[in-house]
Amino acid sequence: MKIAVCVSHVPDTAAKINIGSDGKTLDPNGVTFIVNPYDEFAVEEALKTKEKIGGETVAISLGTDANKETLRKVLAMGIDNAVLLKDNNYRDSISVAKALAEEIKAQNAELVFFGKQSVDFDNSVVGQLTAEFLGYNCISVVVSFSLEGNKITCEREIEGGKEIVETTLPALITAQKGLNEPRYASLKGIMAAKKKEIIEKQPTAANNSVEIISMKKPAPKQAGKILGTDATAVPELVRLLRQEAKVI
Amino acid sequence: MANKILVFIEQRNGKIKKSSLEAIKAASDMAQKLSGSVEAISIGNEIENLENVGGFGAGKVIHFKNADLENYSPSAYADIIAKYSSENSIDIFFFAASSMGKDLAPRVAVKTDSGLAMDCISLNCEANNVVATRPIYAGKALIDVKLASPKKVFALRPNVFNSGAPTDKKAEVSTVNVGTPNLSVKVIDIKKSEGKIDVAEADIIVSGGRGMKGPEHFKLVEDLAEVLGAASGASRAVVDAGWRPHSEQVGQTGKTVSPSLYVALGISGAIQHLAGMRSSKYIVAINKDKDAPIFQVADYGIAGDVFEVVPAMIEEIKKIKS
Ligand SMILES: Cc1cc2nc3c(=O)[nH]c(=O)nc-3n(C[C@H](O)[C@H](O)[C@H](O)COP(=O)(O)OP(=O)(O)OC[C@H]3O[C@@H](n4cnc5c(N)ncnc54)[C@H](O)[C@@H]3O)c2cc1C
């Protein structure tokens, strides 16, 4: 079976975010990019599944040449093949999902893993959207995954607990932290990844409905009051919470 | 355009979620600005007090009923909403961006060929179109977006929009019995985390970090949470150390929260942690390092030892509450 995993290339979570001069985009100067943290869980689950049932894994990323760095990293973790859907332009989630769905179809992958959220635009929807375009069953925010024959059982994190969800192949799963412990790339993996070809393709042009009017930084929070250095400050703290903030 | 807005009412165990009431109120405010109308759709088995959503601005509710729909089924729920909306020419959909809403809204967007804006924290109206503000990069930036598509889906971050007090208007409820729902994806059971409030839904959160020194001291975090009626949360450092479950992690790779009060105990305030909680209405920090970054976002702080300050807080709060 062919297993696909879709990965995105995102600013490091520790990065300071600055807005570009157009007032609508991120200023990439000085920002390091990483494999989207949730996608590492997706990659790990794809690898584990292949180890169990055999088959072939392919990683797909949509974006610019810079995304090759992320594709190399997941190849080094053990993914067999990589495809870059090359697009230098802005795409909204729906346009991203359409392009990914076309490639997954072309790859004939029956099982697909995504991260539950890309930590750049934080929409948490590209997996579900892609599944809809493919007509695949989809379970999102998954913390445990099992595949027996055609049948999939997952635990999905919700407020205050977990849902146990069942479905069948073909399916798309979005990974939440807790699903597994992503492996580190081995030296051998890193060497092998360097030699692998990243296949470049041109996705269908975007048809965006989300128009970004402006991007800005949130108003800075005013630093508050340090009321003291020990327990003697507690009555004043509690008084402020009750009378000034009115939250307790 | 008629600007017919449909709000999805989320229920768990037959009870309507607070975040859905917030969405109904926000939809009804938007409908006024757009000269539109608001109706609501619910899916499940028995649901308590559906007519009360009238008090938040939905004139009518269509309830799709089937015992197999008591638990969430993405396939069935999305099909029902899409079918209803095409038969009733719905233009705009509102969801709460809860775990169910985040899963369902994108499916409905594809099925109805709508544009999609997730996790909105503010909605305005310009030239008869909705302008939504949403956080990106874990809240380090905000974007204003509008949707160019004729049909639109908005999902609203829970705990941000105020549902206000209800009026005594009742909604007209009609029930449709669903024959055979599409259960190709089906929730067969729910495992509840025992008796605890989830950080994602809590109005007050008390979180502990590495400054708590060990898993055995989280009793102190839980005790303070208990007197405040709060949920307990955690930094990633203590989740990764195995002291606390991942479901409690607040931050960029945990949960994003906006409670009215967030209390950080022995948490330094790393950028990834701040990302998940900086939109809380009030923040209190207890940390023995007065230069810890958490104090830059805290409204009130004590630069002291948690083991001394927290027991005193518990006593003081007990005193004023009794
Ligand atoms: C990709 C990525 C994603 C991440 N996502 C998240 C996330 O979602 N959430 C998150 O929280 N972190 C996240 N992090 C980790 C983050 O960078 C920090 O490492 C983490 O938040 C630190 O946790 P902490 O504040 O508990 O520990 P520390 O930074 O070690 O801080 C402990 C604090 O306790 C104080 N202290 C010690 N003893 C006492 C005492 N007796 N009384 C009072 N104060 C005391 C110290 O002064 C210190 O400020 C992420 C990191 C990466 C790389």
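Residues numbered from 1 in each chain as written. Chains lettered and ligands numbered in written order. Predicted model: local features only at pLDDT ≥ 70, side-chain atom pairs only at ≥ 80, totals over all residues. Heavy atoms only, no water.

Caption draft 1: Up close: the pairing of strand β8 (residues 122–126) of chain B. Residues and elements named next belong to chain B. Bridge count for β8 against strand β9 (residues 129–136) is five bridges, and the pairing is antiparallel. Its bridge partner being in β9, Cys-125 is matched across the sheet by Val-130. Here β8 hands over to β9 after two residues, with Ala-127 in that stretch at a positive phi of 50°. (Pairing = 2+ DSSP bridges. Helix = DSSP H or I, 4+ residues; strand = E, 2+ residues; numbered from the N terminus.)

Caption draft 2: View of the site of the ligand. The ligand sits among 27 residues. The nearest are B:Lys213, B:Ser235, B:Thr253, B:Ser268 and B:Gln272. Those residues lying near the ligand are distributed over chains A and B. Measuring from a nitrogen atom of the ligand, one finds a side-chain N or O atom of B:Lys213 at 2.6 Å. Contributing elements (two or more residues each) for the shell around the ligand: α5 (236–240), α6 (271–277) and α7 (306–321) of chain B. A per-class count over the shell around the ligand returns six nonpolar, 15 polar and six charged. (Near = heavy atom within 4 Å. Polar contact = N/O pair within 3.5 Å; in protein donor to acceptor, adjacent residues only side chain to side chain. Nonpolar A, V, L, I, M, F, W, Y, C, P; charged D, E, K, R; others polar.)

Caption draft 3: Representation of the packing of helix α4 (residues 218–228) of chain B against α7(B) in the model. Residues and elements named next belong to chain B. Orientation of α4 relative to α7, taken along the N-to-C sense of each, is 20°, at an axis distance of 10 Å. As summarised for this structure, α4 and α7 are arranged roughly parallel, according to the angle between their axes. Helix-helix and strand crossings are classified by hand; for α4 and α7 the assignment is left-handed. Seen from α4, the contacting residues are Leu-220, Asp-223, Leu-224, Val-227 and Leu-228; seen from α7, they are Val-306, Phe-307, Val-310, Pro-311, Met-313, Ile-314, Ile-317, Lys-318 and Lys-321. Residue composition of the contact of α4 with α7, by class: eleven nonpolar, no polar and three charged. (Axes fitted to C-alpha atoms, helices over the stretch in contact; angles between N-to-C directions. Parallel < 35°, antiparallel > 145°, perpendicular 65-115°, else oblique. Left-handed = near helix turned anticlockwise from the far one by under 90°. Contact = heavy atoms within 4.5 Å.)

Caption draft 4: Highlighting the interface of chain A and chain B. With 76 residues of chain A in contact, the opposing surface of chain B contributes 87 residues. Across the chain A/chain B interface, buried area totals approximately 7000 Å², and carbon plus sulfur atoms make up 58% of it. On the chain A side of the interface with chain B, the three residues burying the most area are A:Glu159, A:Lys177 and A:Lys221, jointly 11% of the side's total. Of the charged contacts, one joins B:Arg12 and A:Glu163 as a salt bridge, the two residues approaching to 2.6 Å between their closest N and O atoms. At the surface where chain A touches chain B, the tally comes to 43 residue pairs in polar contact (both at pLDDT 80 or more). When contributions to the side of chain A that touches chain B are tallied by element, the ones reaching two or more residues are α1 (37–53), α4 (126–134), β7 (137–148), β8 (151–158), β9 (161–168), β12 (210–216), β13 (225–226) and α6 (234–244) of chain A. When its residues are assigned to classes, the side of chain A that touches chain B shows 39 nonpolar, 17 polar and 20 charged. (Buried area = accessible area lost by both parts, 1.4 Å probe. Salt bridge = Lys/Arg side-chain N within 4 Å of Asp/Glu carboxyl O.)

Caption draft 5: A look at the packing of aromatic side chains. Residues and elements named next belong to chain B. The final tally for this structure, using the stated rule, is ten aromatic pairs over all chains. Relative to Tyr-84, the ring of Phe-64 lies with its centre 6.0 Å away and its plane at 75°, an arrangement referred to as edge-to-face. Within this pair, whereas Phe-64 is found in strand β5 (residues 60–65), its partner Tyr-84 is found in helix α2 (residues 74–87), the two being separated by 20 residues in sequence. Given the relative accessible area of 11%, Phe-64 is considered buried. Seen from their ring centres, Tyr-282 and Tyr-300 are 6.3 Å apart, and the 5° between their planes marks the pair as stacked. One end of the pair, Tyr-282, is in strand β17 (residues 282–286); the other, Tyr-300, is in strand β18 (residues 300–302), with 18 residues separating them in the sequence. (Phe/Tyr/Trp six-rings, centres within 6.5 Å; stacked < 30°, edge-to-face > 60°. Buried < 20%, exposed > 50% of the residue type's maximum accessible area, 1.4 Å probe, protein only.)

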